[in-house]
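What follows is the residue order along each chain.
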Amino acid sequence: MAERVEQRLEDRVPELEQLERVGLFTRREIRAVLRKASALEYKIQRRALRKEDFVNYIQYEINLLELIKKRRARIGYSFKKDEIEYSILHRVHSLFNRATGKWKDDLQLWLSHVAFCKQWNSKHQLSKVFSTMLAIHPNKPELWIMAAKWEMETQLSSESARHLFLRALRFHPECPKLYQEYFRMELMHAEKQRKEKKEFEQAKMDLGEFNYCEEILNGEMARIIYRDAAQKIKGVEFHLAVLSIAKLFDFTQDLQKEILESLQTKYTDDPLTWDYMARRELELGSLQSTEHTTKQMKVSEMTQREERCCAVFEESVRAVPTEDMWKCYITFCLERYNRKTNSEELKQKRLERTLCVFNKAHESSLLPEALYKQWLQLLLESSLFEKATEVAEAATKRFSLSVEMWQMRLQVLIQLKSDGVAQCFEEAVKHVKSKDTLPLWTLWVEWSEGTNSKEDTEALYQRSLSSTTPAESVTMKEKYLDWTYRHGGYKKVRRVFTSLCENRPFSLDFFRKMIQIEKEQESCKMLHLREYYERALREFGSTNSDLWLDYIKEELSHPQGKPENCGSIHWRAMKMLQGDLVEDFVSKYTLLQTGHL
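What you are looking at is a predicted structure, and each value in this text was computed from that prediction instead of being measured. (Residues numbered from 1 in each chain as written. Predicted model: local features only at pLDDT ≥ 70, side-chain atom pairs only at ≥ 80, totals over all residues. Heavy atoms only, no water.)

Asker: Can you lay out the side chain of Gln18 for me, pointing to particular residues and giving the numbers?
Answerer: Structurally, the position occupied by Gln18 is in helix H1 (residues 2-21). Of the residues examined, Gln18 reaches a relative accessible area of 10% and is grouped as buried. Not counting the four nearest positions on each side in its chain, Gln18 is found in contact with Lys80, Glu83 and Ile84. (Helix = DSSP H or I, 4+ residues; strand = E, 2+ residues; numbered from the N terminus. Buried < 20%, exposed > 50% of the residue type's maximum accessible area, 1.4 Å probe, protein only. Contact = heavy atoms within 4.5 Å.)

What follows is the structure in structure tokens.
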């Protein structure tokens, strides 16, 4: 091993001599580089190889390259790159090759090598990396796409890119993303050839020696890819994706028409098809607009375009009366309403239209649950409080088991300071299953704190404890304790704490809250603190080492504490704690004894 390391360090000598000779590094820096390189080399020559050693070595070499680049820029020296940088680049590639050969499944290593090749323009090496990586990871379509894009955009080789896409499709014959990117690549190739041909024609050059195929120029290859994909890939999303790609190129009108016809024929009942067809009306309008228009004309034209969209949507909800279809329609209306405009008239029309569509969907019993909240927000923003109350009530009738709907209705009533809040809470807890009622009880007690008497609020807290599931009652106990201390004081909270301790389960925060309350008192009693810690340890002593440590700290620091109790607390902790917690406790206890905790 030592001989191999010595040989590799000797191989570095020419580049290091050049670095010193041309003034990029000092003699002292060269020695530091050699020392570091020696340490890194020894680590990667061991029998038991570690990935992080290779990563650290590669990162060191990359940092060295960056430093040389900065030094060159500073002194304005650009010679001897073959003897300096290329030697380091070769070494980094060798390190990457060894690492990826050893840890073939680590995709991040491969991608790091790809990024390095791109950064340092190592095209020949990158071609090899892609080839090896794809042979080992053929099951990842995104890698094929990355390699094909590089061939197309950097190497300017549409033939190589096409070859890669065809190989990829043999492994992934039904991958939509592969087809989409292959489709895009062929259109890019066609566009490039069209530009070349146009430039030659403008220069009045003879095109005889150049073979420009009209079919390729018109995107026929992309059409073939689309037709092949359409037979294998089902779903409107793919058609819409390739259509959006085709629209980026100005010579694809016929291709767009074919995709659109296929979309309307095969997926006439799909909401996404109708959604696309409706939104298309906005674009069609924008193409017909003229340059010299007044503000009022623009508003008028935008209103007409949006009305044409809505006409298509109206037809869609008659043809496909589903929740998804109404959701598409409402989403469009909300998008238009949220667009900024200086025209109050247009803003008002959009609001009226949106509220009208919400109402129609609701009357059809096809408004999705999630959209009721947005409808209510819009009504409240528009100060339509009576309608908001009516809608909230209708939502809870339709989705009577939904805790979110009841929460929403209650929040509306609370916001409007309605007289029916308490009655609505009663209704809500009757309808919703007890295991889901915690958000309702939380909201109820919070409302009661600001509205009702202390007696009523306390009665509500006590009722919540028996009405929620044991797991949810834990949260209510914490809230009850906190509220009692704020409104009843220390003596009252002590009584409530003792009462609550009669019924499990508890949370650790419940006990910590009581400990904190005790410590806030002027006459903080260690006797009470011991009681709280002992109660907490009965519940959490086997799973929480910090609780034991806090107890010991309290005995050591409190004026009424008994340091002699620490030994017995430590012994009990060692017996009670489970698994790795014992080791954690011992290490923290040692730090505590030495004054470091």
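Asker: Explain the environment of Lys519 to me, and be specific about the residues and the numbers.
Answerer: With respect to the element layout, Lys519 can be found in helix H25 (residues 508-519). Since its relative accessible area comes to 41%, Lys519 is described here as partly exposed. For Lys519 and Ser131, which are 388 residues apart along the polypeptide, the C-alpha to C-alpha distance reads 68 Å. Sequence-distant contacts of Lys519, defined by excluding residues within four places in its chain, comprise Cys524, Leu529 and Glu554.

Asker: I'd love a proper account of empty space enclosed by the protein, names of residues and values included.
Answerer: The tally for this structure, following the rule as stated, stands at one cavity of 30 Å³ or more. Lining of the largest cavity is provided by Ala148, Lys149, Met152, Glu153, Phe165, Glu181, Arg184, Met185 and Met188. When residues of the lining of the largest cavity are traced back to their parent elements, those giving at least two are helix H7 (141-153) and helix H9 (176-202). In terms of residue class, the lining of the largest cavity is built from five nonpolar, no polar and four charged. (1 Å grid on protein atoms, 1.4 Å probe; cavity = no way out; pocket = protein on both sides within 12 Å on 5 of 7 lines; lining within 4 Å. Points joined across faces, edges and corners; volume = space filled by probe spheres on them. Nonpolar A, V, L, I, M, F, W, Y, C, P; charged D, E, K, R; others polar.)

Asker: Please set out the packing of aromatic side chains residue by residue, giving values where relevant.
Answerer: Geometry of an aromatic ring pair is reported as the spacing of the ring centres plus the angle between the planes. Here the structure, examined in full by the defined rule, presents 28 aromatic pairs. Residues Phe313 and Tyr329 carry aromatic rings whose centres are separated by 5.0 Å and whose planes lie at 10° to one another, so their mutual orientation is stacked. Taken together, the positions of Phe313 in helix H15 (residues 295-319) and Tyr329 in helix H16 (residues 323-338) put the pair 16 residues apart, joining distant regions of the chain. A relative accessible area of 0% means that Phe313 is categorised as buried. Take Tyr329: its relative accessible area is 2%, and that puts it in the buried class. Judged by centre distance (5.3 Å) and plane angle (35°), the ring pair of Phe313 and Phe332 falls under tilted. Residue Phe313 is located in helix H15, and its partner Phe332 is located in helix H16; the two are separated by 19 residues in the primary sequence. Neither residue differs from the other here; Phe313 and Phe332 are each classed as buried. Over the aromatic face of Phe25 sits the side chain of Arg71, whose NZ or CZ is 5.0 Å from the ring centroid. (Phe/Tyr/Trp six-rings, centres within 6.5 Å; stacked < 30°, edge-to-face > 60°. Lys NZ or Arg CZ within 6 Å of the ring centre and 35° of its normal.)

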